[in-house]
Amino acid sequence: MKNVLLMSLALFIFCAAAHAETVSSVELIEKALAYDGREVVYRGEAVTQVLRRQTGSWINLNDGDNAVGVWFAGPLKDSLGFLGGYKAKGDIVEVRGIFHRACAEHGGELDIHALEAKIAETGFAVTEKMDNKKLALSIKIFIVVLLLALVFSPIATAIPTFA
C-alpha cells in the first residue's frame, strides 16, 4: 500500500512537471527571458489573416491584451472558420508550443512555434445594426452645416445686392 501511494505521488509530480503551463501575452512579454525555450500553452483569438509561407504559416493570437505570432511548420490546416476583424469574432485557438523571446529563425521576433493546436471556441460573424435615430440626426446635422456653409461662404457674401 505504501509503495502504491509513493508511486502515485511520483507519477503525479512527474505529470505536473511535464505539463506546459498556460500563460498570457503579458506574462510572455514581461518574463520573456524566463520562458525562452520553454513549452507553453497560449490561448487567444485568431485575428487578421493567415500568412502562408513556403515552409509554414503564421497566425496572430490575441488574448485581449496583446497579439502573439504563432508559427506552424508545414501547411496549416484550413480548419479556422473565422478570423477576428471588423466583421467577425475569430476562433479561440489554444496552442501548445515552444516560446522564443527572440527567434533566430524568424528575424529575432518574439513567437511561439506550435507543436499542437486546437480550436477551443468557434468564432462567429458580427453584424452591425444601423441605429436609425443616429442616421436621421446625422442627415439633419449635415443639412444644417451645408446651409450654414452656403449662407456664410465667401461666394454668398460676394453676391451684389441691389438696393
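Draft legend 1. The overall build of the protein, seen in detail. Within the protein, the regular secondary structure consists of five helices and eight strands. Secondary structure elements of the protein, listed N to C terminal, follow the sequence α-β-α-α-β-β-β-β-β-β-β-α-α. Here the protein holds 163 residues, and 26% of them are scored as buried. Within the protein, contacts between residues separated by at least 24 positions form 51% of all contacts whose residues are at least 6 apart in sequence. Summed over its atoms, the accessible surface of the protein is roughly 11800 Å², and 63% of this surface lies on carbon and sulfur atoms.

Draft legend 2. Expanded view of unusual backbone geometry. The phi dihedral of Thr 48 is positive, around 60°, even though this residue is not glycine. Along the polypeptide, Thr 48 turns up in strand E2 (residues 39–52). Taking relative accessible area as the criterion, Thr 48 reaches 53% and is therefore assigned exposed.

Draft legend 3. Representation of the pairing of strand E6 (residues 92–103) in the model. Two strands pair when backbone bridges link them, and E2 and E6 are joined in this way by seven bridges, in the antiparallel orientation. Residue pairing for E6: Glu 45 is matched across the bridge by Ile 92. Sheet topology note: the E6/strand E7 (residues 109–121) ladder contains ten bridges and is antiparallel. Residue pairing across strands places Val 95 opposite Ala 117, the latter belonging to E7. Taking the residues that link successive antiparallel strands as the turn, the E6-E7 hairpin has five residues, and the phi of Gly 107 there is positive, at about 70°.

Draft legend 4. Quick peek at the confidence of the model for the protein. Here the protein shows a mean pLDDT of 84. Residues at 70 or above account for 80%. Counted against residues more than four places away or in other chains, residues 1–17, with its pLDDT under 50, gives zero contacts.

Draft legend 5. Spotlight on the environment of Phe 124. Assignment of secondary structure puts Phe 124 in strand E8 (residues 124–125). Note on Phe 124: relative accessible area 47%, which makes it partly exposed. Sequence spacing of Phe 124 and Ala 88 is 36 residues, and the spatial spacing of their C-alpha atoms is 5.7 Å. Discounting chain neighbours no more than four positions away, the residues touching Phe 124 are Phe 82, Ala 88 and Lys 89.

Draft legend 6. Focus on the nonpolar core. Core analysis: the largest hydrophobic core is formed by 18 residues, its most contacted members being Leu 28, Val 40, Leu 61, Val 70, Val 95, Phe 99 and Ile 112. Looking at this core, the elements with two or more residues in it are helix H3 (32–35), E2, strand E3 (56–62), strand E4 (67–73), E6 and E7. Here this core gets four residues from one element, more than from any other, and that element is E2. Beyond its immediate chain neighbours, meaning those up to four positions away, Phe 99 contacts Leu 28, Ala 32, Tyr 35, Asp 36, Gly 37, Arg 38, Val 40, Leu 110, Asp 111 and Ile 112.

Draft legend 7. Main features of helix H4 (residues 132–152). Spanning 21 residues, H4 covers 30 Å between terminal C-alpha atoms, matching the ideal 30 Å at 1.5 Å per step. Between a side-chain oxygen at the N-terminus of H4 and the backbone nitrogen of Lys 133 the separation is 3.1 Å; the capping residue is Asp 131.

Definitions and cut-offs
- One numbering rule holds for all chains: residues counted from 1, following each sequence as written.
- Per-residue local features of the predicted model are confined to residues with pLDDT of at least 70, and side-chain atom pairs are confined, for both listing and counting, to 80 or more; whole-chain, interface and lining totals are unaffected and use all residues.
- Water and hydrogen atoms were dropped before computing side-chain values, which therefore reflect all heavy atoms in the structure.
- Helix and strand definitions follow DSSP, with helices as H or I runs of at least four residues and strands as E runs of at least two, each counted in order from the N terminus.
- Summary of the burial criterion: residues with accessible area below 20% of their type's maximum are buried, those above 50% are exposed, and those between are partly exposed, where the area comes from a 1.4 Å probe applied to protein chains only.
- Throughout, a contact is declared for two residues whenever any of their heavy atoms are within 4.5 Å.
- For the accessible areas, the method is Shrake-Rupley and the probe is 1.4 Å, while residue cover comes only from the protein chains on display.
- Should DSSP find at least two bridges between two strands, the strands are taken to pair.
- pLDDT runs from 0 to 100 and stands for how confident the predictor is about each residue.
- Among the buried residues, those of types Ala, Val, Leu, Ile, Met, Phe, Trp, Tyr and Cys that are joined through side-chain atoms within 4.5 Å form a nonpolar core.
- Working rule for helices: expected span equals 1.5 Å times residues minus one.
- Counting of polar contacts relies on pairs of N or O atoms within 3.5 Å, with two restrictions inside protein: one atom must be capable of donating a hydrogen and the other of accepting it, and residues adjacent in sequence are counted only when both atoms are side-chain atoms.

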